[in-house]
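Chain residues, written in single-letter form:
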Amino acid sequence: MKKILIVDDHPDIRRLLSITLSKEYEILEVNDGSSAMHAVRTHRPDAVLLDIMMPGELDGLQVLSAIKSDPDLKDTLVAMVTARGQASDYRVGREYGADAYFIKPFSPLQVVNWLREKLK
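Attention here is on the structure that accompanies the text.

Conventions and cut-offs
Residues numbered from 1 in each chain as written. Predicted model: local features only at pLDDT ≥ 70, side-chain atom pairs only at ≥ 80, totals over all residues. Heavy atoms only, no water. Buried < 20%, exposed > 50% of the residue type's maximum accessible area, 1.4 Å probe, protein only. Helix = DSSP H or I, 4+ residues; strand = E, 2+ residues; numbered from the N terminus. Pairing = 2+ DSSP bridges. Right-handed = clockwise from strand over helix to strand, strands pointing away. Phe/Tyr/Trp six-rings, centres within 6.5 Å; stacked < 30°, edge-to-face > 60°.

Next up on the list: the pairing of strand 1 (residues 3-7). The element strand 1 is extensively covered by neighbouring structure, given that four of its five residues are classed as buried. Where strand 1 lies against strand 2 (residues 26-30), five bridges are found, and the strand directions are parallel. Looking across to strand 2, one finds that I6 is bridged to E29. Note that the unit made of strand 1, helix 1 (residues 11-21) and strand 2 has a crossover that is right-handed. Here strand 1 runs beside strand 3 (residues 47-50); their pairing, made up of four bridges, is parallel. Looking at strand 3, one finds that I6 is bridged to L49.

Geometrically, a pair of aromatic rings is defined through the distance of the ring centres and the angle of the planes. This structure, assessed with the given rule, holds two aromatic pairs. Both rings, one in Y90 and one in Y101, keep their centres 5.4 Å apart while their planes meet at 75 degrees; by these two values the pair is edge-to-face. Residue Y90 is found in helix 4 (residues 87-96), and its partner Y101 is found in strand 5 (residues 100-103); the two are separated by eleven residues along the sequence. On the accessibility criterion, Y90 (37% relative accessible area) is partly exposed. Judged by centre distance (6.1 Å) and plane angle (75 degrees), the rings of F102 and W114 are edge-to-face. Separated by twelve residues along the polypeptide, F102 in strand 5 and W114 in helix 5 (residues 108-118) bring together distant segments of the chain. Here F102 matches W114 in class, with each residue buried.

Another point: the pairing of strand 5. Residues in a regular strand project their side chains so that they alternate between the two faces of the sheet. Across four bridges, the pairing between strand 4 (residues 77-82) and strand 5 is parallel. Note on strand 5: the bridge partner recorded for M80 is Y101. Considered for its hand, the β-α-β crossover made up of strand 4, helix 4 and strand 5 is right-handed.

Everything listed is a geometric property; what it means functionally is a separate question.
Structure below.
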């Protein structure tokens, strides 16, 4: 079963994504960037759903950059799931290597469809 890591400091967002995805995927959840990096290195998820604005040492863009710059992790799919919805935010996410960008409030169905397509 494919593994999905959900990284968001809001428990309601993690719960929504987890409930939506848990029938098809093994779900891992963390609430900050440092925990995300530990989980990515330890569990090697197939995809990461990553918020940008989180408390702690690392924000989502720093996590994204670390994943995409690591030769062992760079092929991990990373979708940003964030409230930052300006065109410049989207552009920065893509420049850092995001494979997709979903703006809150988002449709869980869009996320499911994207994952199904990318993880065939």
